[in-house]
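Listed below, chain by chain, are the residues.
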Amino acid sequence: MLNKTLLIAALFCLSSALFAQDNPSESGIRLKATVSAAETPLNRTVELVLRLTWSGDLSRYEISPFDDPLVTNLKVIGSGSSNRVAVEAGQPTAVREYTYTLQPQSLGMAYVEPMIIRYTDTGSGEQYYLSSGRIPIKVVDPIRESLLKRPILWLILLGAAAVIAAGLVVRRRLLKRKEMQNQEPAVTVRPIEETYLEELRGLFDPSDFSSDGSPIVEKGSRLLRRYLQEKYEAPGLEATTSELCEFLYAGGFDELFINKVREFLTNADLIKFSGRTIDRNEAVTLLGVAEAILQSGLRGEIHRSA
Amino acid sequence: MTVDIQAINAKIERESAFVEKITSQVSKVIVGQRYMIERLLIGLLSDGHILLEGVPGLAKTMAVKTLSAAIRTKFQRIQFTPDLLPADIMGTTIYEQKTGTFSVKKGPVFCNLLLADEINRSPAKVQSALLEAMQERQVTIGDQTFRLPEPFLVLATQNPIEQEGTYPLPEAQVDRFMLKLSIGYPSREEELEIMRRMTRLETPTAEPVVTPEEIVAAKKAVHEVYIDPKIENYIVDIVFATRKPSQYGLNELDELIAYGASPRASIYLSMASRAHAFLRRRGFVTPEDVRSIALDVLRHRVILTYEAEAEEITAEEVVRRIINKIEVP
């Protein structure tokens, strides 16, 4: 243990004596240690860059692994390394960089202690050492943080803006809907019975003085069948009178309604298919049954069991 | 045109009085089968022969025999077999040794009601001979032509479940039957009653209540039943829809029907509807009459395509769709 310590101390003295800071080694490899700022506020960080350069390709020297730099009043909070080959004065030059992020700990002076880097010449197999000097950094009072630089504030501001924007959109939509409701006229659904009643009344042409009322009955019969088809989805136009009544029975309609339908359609069939002619008064009387059916539909008096 | 419907109704009322008597006599023997009995009467009243299709044991023969007994008519039953000859039905000329002349021996076709049992078991020449008699209502034996008696009705039966060793009736010959009836099984209650009635020591029989003359008079009355042009158009619409379904909004049937019904269908549908109205004791035809008989008139006249057969769609189903689609007048 003692021998090891003595060896390190001897090497340190030797290197201090042989190499100045950033000076090139005998073999042409150079070490340069720099910091991003010689003075830094307490609430900022400093970048320490160790740059090794040598002419030739990267494989000419093998850099032995080394620990993080020893620091005083600083804390290593991040590190990284990179290799590249550049051309300097027409010669290819290999560059290897080690970067450390240092966080000051307290006001006053801070130091990056000298570093010793061991490397091997891959050609000869011999080992050499490089060292950097002690780098001082002055830590001064922290600077005041701009409020806008705090992410949390940005998040709060963005959130508030989003809420306000959403509120505006909703308010605009509500206003628009209200405006549309005010503008649109109230849609009233006209019961289909009214349409059919109007059509039924229109069958009687006051200017028609013909004595035969059977065409009116025929039209009235078709009208009622259309109504039953539209209102109750009955096979009004394809089914015979008895089939239609059977459908209504099966549908659970009340018997009074079915009897009225049967009465009207049976009488209408009699007139339509027997070749009989009837006078207009008789036709009016018969169509009165159809009108009564439509009226009861209008009043909602047609019931069906579930 | 003004029709004196009161007079027609009165006449129909009078002439159709026997219907109830026949029905009650037939009901003494036959349980249920009202549909078949009614169709037999329709055939009888409108000169239309009937093809009955149904499995054995459904009282087809008994119904015809009972109807014949109730009408006091001559009934004959011929069991069609593969070795039957036309002469076995029509009759033949026989050489009389004593007189040295030929005399005519009339066959069983000379009757009022002829039951051709299992008509599809005899070859085409026998079927054709009978169908000719049905159409012409006369039979020629040797050099003599004989009119068949009035009324003359052929009721032919077919068994739908046996096809081996049969000679199916060609479409043209099936078309000569006015109605093709599909006879179904009786209900449970009816079967119970059949069992009780037919296992008694003395089975019931029908009494003759109508004469053939009354039937002939009723046939004339049937021709007088009023059929409105609206109904005639409805009939033609139904028949045309079997030929050109797409014109009636039945595009899906275009690919299913190979041949629609012939004009004979319109004639028979009109006649059968009149007879149906007559049985209802009504002097005019309504769409109800047409619809209730249309299936029996059309089911054997619509010839389906291979596509329809592949999809197992029956002619009956096609006709039903047509009837349910065509608007009633």
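Residues numbered from 1 in each chain as written. Chains lettered and ligands numbered in written order. Predicted model: local features only at pLDDT ≥ 70, side-chain atom pairs only at ≥ 80, totals over all residues. Heavy atoms only, no water.

Draft legend 1. Layout of the layout of surface pockets. Residues and elements named next belong to chain B. In this model, the second largest pocket occupies a volume close to 680 Å³. What lines the second largest pocket is a set of 25 residues, among which E53, E171, K180, R299 and H300 lie closest to the centre. Going through the elements one at a time, strand 1 (50-53), helix 7 (171-174), strand 9 (179-182), strand 11 (303-304) and helix 14 (315-325) are the ones with two or more residues in the lining of the second largest pocket. The biggest single contributor to the lining of the second largest pocket is strand 9, with 3 residues. Across the lining of the second largest pocket, the residue classes break down as 11 nonpolar, 8 polar and 6 charged. (1 Å grid on protein atoms, 1.4 Å probe; cavity = no way out; pocket = protein on both sides within 12 Å on 5 of 7 lines; lining within 4 Å. Points joined across faces, edges and corners; volume = space filled by probe spheres on them. Helix = DSSP H or I, 4+ residues; strand = E, 2+ residues; numbered from the N terminus. Nonpolar A, V, L, I, M, F, W, Y, C, P; charged D, E, K, R; others polar.)

Draft legend 2. Spatial organisation of the interface of chain B and chain A. On the chain A side, the residues contacting the 20 residues of chain B number 17 residues. When chain B packs against chain A, the two sides together hide about 1500 Å² of surface, and 54% of this comes from carbon and sulfur. Across the contact surface, chain B and chain A share 3 salt bridges. Residue K230(B) pairs with E218(A) through a salt bridge whose shortest N-O separation is 3.6 Å. Run the count over chain B and chain A and you get 9 residue pairs in polar contact (both at pLDDT 80 or more). Broken down by secondary-structure element, the contributors of at least two residues to the side of chain B that touches chain A are helix 10 (229-243), helix 12 (287-298) and helix 14 of chain B. With 3 residues, the single largest contributor to the side of chain B that touches chain A is helix 12 of chain B. (Contact = heavy atoms within 4.5 Å. Buried area = accessible area lost by both parts, 1.4 Å probe. Salt bridge = Lys/Arg side-chain N within 4 Å of Asp/Glu carboxyl O. Polar contact = N/O pair within 3.5 Å; in protein donor to acceptor, adjacent residues only side chain to side chain.)

Draft legend 3. Representation of empty space enclosed by the protein in the model. Counting across every chain of the model gives 1 cavity of 30 Å³ or more. Considering only enclosed or pocket space, the largest cavity measures out at about 30 Å³ in volume. Going through the elements one at a time, helix 6 (255-273) of chain A together with helix 12 of chain B are the ones with two or more residues in the lining of the largest cavity. Considered class by class, the residues forming the lining of the largest cavity number 4 nonpolar, 2 polar and 4 charged.

Draft legend 4. Just the sheet that holds strand 8 (residues 153-158) of chain B, in detail. Residues and elements named next belong to chain B. A sheet is described by the order of its strands in space; here 5 strands give the open sequence 2-5-8-1-9, paired in parallel fashion. Two strands in the sheet have a free side with no partner beyond their single neighbour: strand 2 (75-79) and strand 9. Neighbour-to-neighbour, the strand axes of the sheet open up by a mean angle of 20°, direction not taken into account. Where strand 2 lies against strand 5 (residues 113-117), 5 bridges are found, and the strand directions are parallel. Bridged to Q76 within strand 5 is L114. The sheet strands contacting helix 4 (residues 60-71) are strand 1, strand 2, strand 5 and strand 8, and the helix crosses strand 5 at an angle near 170°. (Pairing = 2+ DSSP bridges. Axes fitted to C-alpha atoms, helices over the stretch in contact; angles between N-to-C directions.)

Draft legend 5. Expanded view of the nonpolar core. Residues F18(B), I22(B), L155(B), F278(B) and I322(B) are the most contacted members of the largest nonpolar core, which totals 81 residues. Sorting elements by how many residues they give to this core places helix 11 (residues 263-279) of chain B first, with 9 residues. Those residues within four positions of I322(B) in sequence are excluded, and the remaining contacts are I238(B), A241(B), T242(B), L250(B), L253(B) and I257(B). Within the second largest apolar cluster, 33 residues are counted, among which are L200(A), L223(A), L248(A) and A290(A). (Core = buried A, V, L, I, M, F, W, Y, C linked by side-chain atoms within 4.5 Å. Buried < 20%, exposed > 50% of the residue type's maximum accessible area, 1.4 Å probe, protein only.)

Honestly, it's all geometry; don't read function into it.
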